[in-house]
Amino acid sequence: MSETLIVLVVFLLLSALGLNLYPSFFKGMENKMFLNQLNEDIFYAQQYAISHESLIYFYVDDERGVYTIYSYKEEGILERSIPKDIQFLKGTLGAAFYFNQYGNVSKSGTMTIDTTNGKYKLVVNIGKGRFRIEKQ
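Peer 1: What's the story with the packing of aromatic side chains in this structure? I'm lost.
Peer 2: Aromatic ring pairs are described here by two measures, namely the spacing of the ring centres and the angle between the planes. Inspection of every chain in the model, using the stated rule, returns 10 aromatic pairs. Aromatic side chains Tyr44 and Tyr48 sit 5.8 Å apart centroid to centroid with 55° between the ring planes, which places their arrangement in the tilted category. Here the residue Tyr44 and the residue Tyr48 both occupy positions in helix 2 (residues 23–52), the gap between them amounting to four residues, near one helical turn. On the basis of an interplanar angle of 80° and a centroid distance of 5.7 Å, the ring pair of Phe97 and Phe99 is categorised as edge-to-face. Judged by relative accessible area, Phe99 falls into the buried class, the value being 1%. One aromatic cluster in this structure is built from Phe34, Phe58, Tyr67, Phe88, Phe97 and Phe99.

Peer 1: Before we go on, may I ask you to explain the nonpolar core in this structure?
Peer 2: In a soluble, globular protein the nonpolar side chains are often hidden away together inside. Residues Ile42, Phe58, Phe88, Phe97, Phe99, Ile113 and Leu122 are the most contacted members of the largest nonpolar core, which totals 27 residues. A per-element tally of this core places helix 2 first, with seven residues. Ignoring anything within four residues of it in the chain, the contact list for Leu122 reads Ile42, Leu93, Phe97, Gly109, Thr110, Met111, Ile113, Phe131, Arg132 and Ile133.

Peer 1: What's the story with a nonpolar patch on the surface in this structure? I'm lost.
Peer 2: On the surface, a cluster of nonpolar side chains totalling about 610 Å² of accessible area is made up of Leu5, Leu8, Val9, Phe11, Leu12 and Leu13. Summarising the element assignment, Leu13 is placed in helix 1 (residues 2–20). The exposure class assigned to Leu13 is exposed, which follows from its relative accessible area of 52%.

Peer 1: Sorry if this is basic, but what is going on with the side chain of Asn31 here?
Peer 2: Along the chain, Asn31 falls in helix 2. With relative accessibility at 1%, the residue Asn31 sits in the buried group. Within the structure, Asn31 has its side chain in polar contact with the side chain of Thr116 (distance 2.6 Å). Non-local contacts of Asn31, meaning those with residues more than four positions away in its chain, are made with Asp85, Ile86, Thr115, Thr116 and Asn117.

Peer 1: I tried to follow the pattern of salt bridges on my own but got confused; where do I start?
Peer 2: Where side chains of opposite charge bring their charged atoms close, a pairing between them can arise. All told, the structure shown has six salt bridges when counted by the stated rule. The partner of Arg64 in a salt bridge is Glu79, with the nearest N and O atoms 2.9 Å apart. Taken together, the positions of Arg64 in the loop between strand 1 (56–61) and strand 2 (66–70) and Glu79 in strand 3 (residues 76–81) put the pair 15 residues apart, joining distant regions of the chain. According to the relative accessible area criterion, Glu79 is partly exposed, its value standing at 46%.

What counts and how
- Residues numbered from 1 in each chain as written.
- Predicted model: local features only at pLDDT ≥ 70, side-chain atom pairs only at ≥ 80, totals over all residues.
- Heavy atoms only, no water.
- Phe/Tyr/Trp six-rings, centres within 6.5 Å; stacked < 30°, edge-to-face > 60°.
- Helix = DSSP H or I, 4+ residues; strand = E, 2+ residues; numbered from the N terminus.
- Buried < 20%, exposed > 50% of the residue type's maximum accessible area, 1.4 Å probe, protein only.
- Core = buried A, V, L, I, M, F, W, Y, C linked by side-chain atoms within 4.5 Å.
- Contact = heavy atoms within 4.5 Å.
- Patch = residues over 30% accessible without salt bridge, like charges linked within 9 Å, V, L, I, M, F, W, Y side chains within 5 Å.
- Areas by Shrake-Rupley, 256 points an atom, 1.4 Å probe, with all protein chains shown as cover.
- Salt bridge = Lys/Arg side-chain N within 4 Å of Asp/Glu carboxyl O.
- Polar contact = N/O pair within 3.5 Å; in protein donor to acceptor, adjacent residues only side chain to side chain.

Encoded structure:
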């Protein structure tokens, strides 16, 4: 019993020390997870607009460090914080756009997302509401 406990303690100590040796790896994973979550949230906003047949807005608030998905019928649908080392640079898309009841986007354009891993671009195509996040 005590041997198992000793092995477990040694394993946990080595794991904790090993993980702290790679802070850039963690920053990279945090950025990747944020971009993935952003992609999923925009897709959620589009699907919500279709299923509820209403206008759903996506808005980036740099001053508060959040992005918000909302409608006028139901105030805040979703609000997520933006990590401090990630900056949204308004391109041709601006700070906000919306999806209509058919899932189409209000305007097309790009928004640059500056992370510690490099710059990414949120591209929103006109027409069917297609969007993607790509590395620059």
